[in-house]
Amino acid sequence: VWGDYTALELLEAEESSRMPIGWGPYVIDEWVAGDHISLSKNDLYWRADEGLPAFDTVIYRIVGENSNANIAALLAGECDIVDQTSGLEDQSELLLELQAAGQLNPTFVTGTVWEHADMGINPVDSYDRPDFFEDVRTRQAMAHCMDRQAVVDTVLFGQSIVLDGYLPPEHPMFNSDVPSYGFDVEAGSALLEEAGWIDDDGDATTPRVAQGVEGVPDGTLLEFNYWTTSATQRQQATQVLQASMAECGIKVYLEYWSPSEYFADGPDGPLFGRRFDIGQFAWLTGVEPPCDLYITSQWPGPVEEGFQGWGAQNDPGFTNEEYDAACNAALQSLPGTPEYEQYHKEAQRIFAEQLP
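These numbers come from a predicted model, not from an experiment. Here the residue numbering is sequential within each chain, running from 1 through the sequence in written order. The model is predicted, so local features are restricted to residues of pLDDT at least 70 and side-chain atom pairs to those at 80 or more, both for listing and for counting; the totals for chains, interfaces and linings are taken over all residues. As a convention, hydrogens and water are excluded, and side-chain values are obtained from all of the structure's heavy atoms.

Colleague: I would appreciate a short explanation of the packing of aromatic side chains in the present structure.
Modeller: The pairing test for Phe, Tyr and Trp rings, Trp by its six-membered ring, is centres within 6.5 Å, and the orientation test on the planes gives stacked under 30 degrees, edge-to-face over 60, and tilted for anything in between. Tallied over the full model, the rule gives 18 aromatic pairs. Summarising the aromatic geometry, the rings of F272 and F281 are spaced 6.0 Å apart at their centres and angled 75° between planes, so their arrangement reads as edge-to-face. When the centroid spacing of 5.8 Å and the interplanar angle of 65° are considered together, the rings of F318 and Y323 count as edge-to-face. Accessibility assignment for this pair places F318 and Y323 in one class, buried. Joined through ring pairs, the aromatic side chains of W227, W257, Y262, F263, F272, F281 and W283 make up one cluster. For a ring to carry a charge above it, either NZ of a lysine or CZ of an arginine must fall within 6 Å of the ring centroid while also lying within 35 degrees of the normal to the ring plane. The ring of W31 is capped by R18, whose NZ or CZ atom sits 4.4 Å from the centre of that ring. Note that R47 overlies the ring of W46, its terminal NZ or CZ placed 5.9 Å from the centroid. Categorising residues by exposure relies on relative accessible area from a 1.4 Å probe, with only protein chains included: less than 20% of the type maximum marks a residue as buried, more than 50% marks it as exposed, and the intermediate range marks it as partly exposed.

Below, the structure is given as structure tokens:
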């Protein structure tokens, strides 16, 4: 079909770039750049004897990412489906209202991205600040003092869940038998007291003070930076968490970064240069559980000092021999074997206890 073209010509030819050869349920009838693509049923589709595809014709309209305009087009009957690339993330409340009124049927997709707040356990030497997060009791207290369910209920309109680790319950390697940290000011405050963070003025909403905290000078206030990107949902989420942490005597200073600055490689980027206190962002969860994000060998740092390089991913500088052993054993096991499941579930248990 394309035999009259050279390989170079195929990069530009309408026949190859606009009318690709395929074997799927539809064939392209017309492609008007920037406006629409019209498709019709492929009679030679390999599942045609099952009555597929279900529609004789499909028209994809290129409409852009104006969420209000896209919702209006749905309501006006100009289109039947708006897909997930159409910028609807900030319209959850409106979509749910329209669903309740019987006008639209929104589908909220969860499970592939997990939002998390990393604690800077071991920052680079040049980022000089008290050692707030080395004690696991402080990290566990933080989890109790962050009202994550309120974030789900308000910012995400109940369309997500609070995770106890890096896998959602739907994942086949999910370990349900791990520690869970619900919002509990009393439990969080007790852990902080045990770690040496004292409420010295009887006012739970003022920052606690260090008294015998390892690696922290006595008298240091429990206050630090909490950074994330300028995305609207992240700003809303961190404001909820800031208020709930204040109930435990933890004061955080919120700051919002452009993604290009925030996610820049070290040594300049704050996250992957290990120059932050708390940093919130998202990782992807794939088929392979991502335990390797937090193994010691993944500390970002200069190669000449023995690190993997500034592109490594363990931005908190978390290290735990037991966790490393479980994760590495899981990564070296074959999927489908008992060892693969055993070690991946063990890594999740340790992760949920250690809470980097």
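There's plenty left to go through after this.
Colleague: Whenever I open this one, unusual backbone geometry confuses me. Can you help?
Modeller: The phi angle of most residues is negative, glycine excepted, and most peptide bonds adopt the trans form. Note that the residue after L52, namely P53, is joined by a cis bond; omega there is 0°. For the peptide bond that leads from G266 to P267, omega is 5°, which places it in the cis range. Secondary structure is summarised from DSSP: a helix means a run of H or I of at least four residues, a strand means a run of E of at least two, and numbering begins at the N terminus for each. Its location among the elements puts P267 in the loop between α9 (259-262) and β9 (278-284). Positive phi is not limited to glycine here, since F157 has a value of about 50°.

Colleague: What am I meant to see in the state of the cysteines here?
Modeller: Put plainly, a disulfide is one covalent bond tying together the sulfur atoms of two cysteines. Cysteine sulfur atoms are paired as a disulfide whenever they come within 2.5 Å of each other. In total, this model carries two disulfides according to the counting rule given. At a sulfur-sulfur separation of 2.1 Å, the disulfide partner of C145 is C248. One quick way to see it: the torsion about the S-S bond of C145 and C248 is about -100°, and its sign makes the bridge left-handed. On the criterion of sequence distance, the pair formed by C145 in helix α5 (residues 136-145) and C248 in the loop between α8 (232-246) and β8 (251-257) is long-range, its members being 103 residues apart. In this pair, the class of C145 matches that of C248, namely buried. A disulfide bridge connects C291 with C327, and the sulfur atoms are separated by 2.1 Å.

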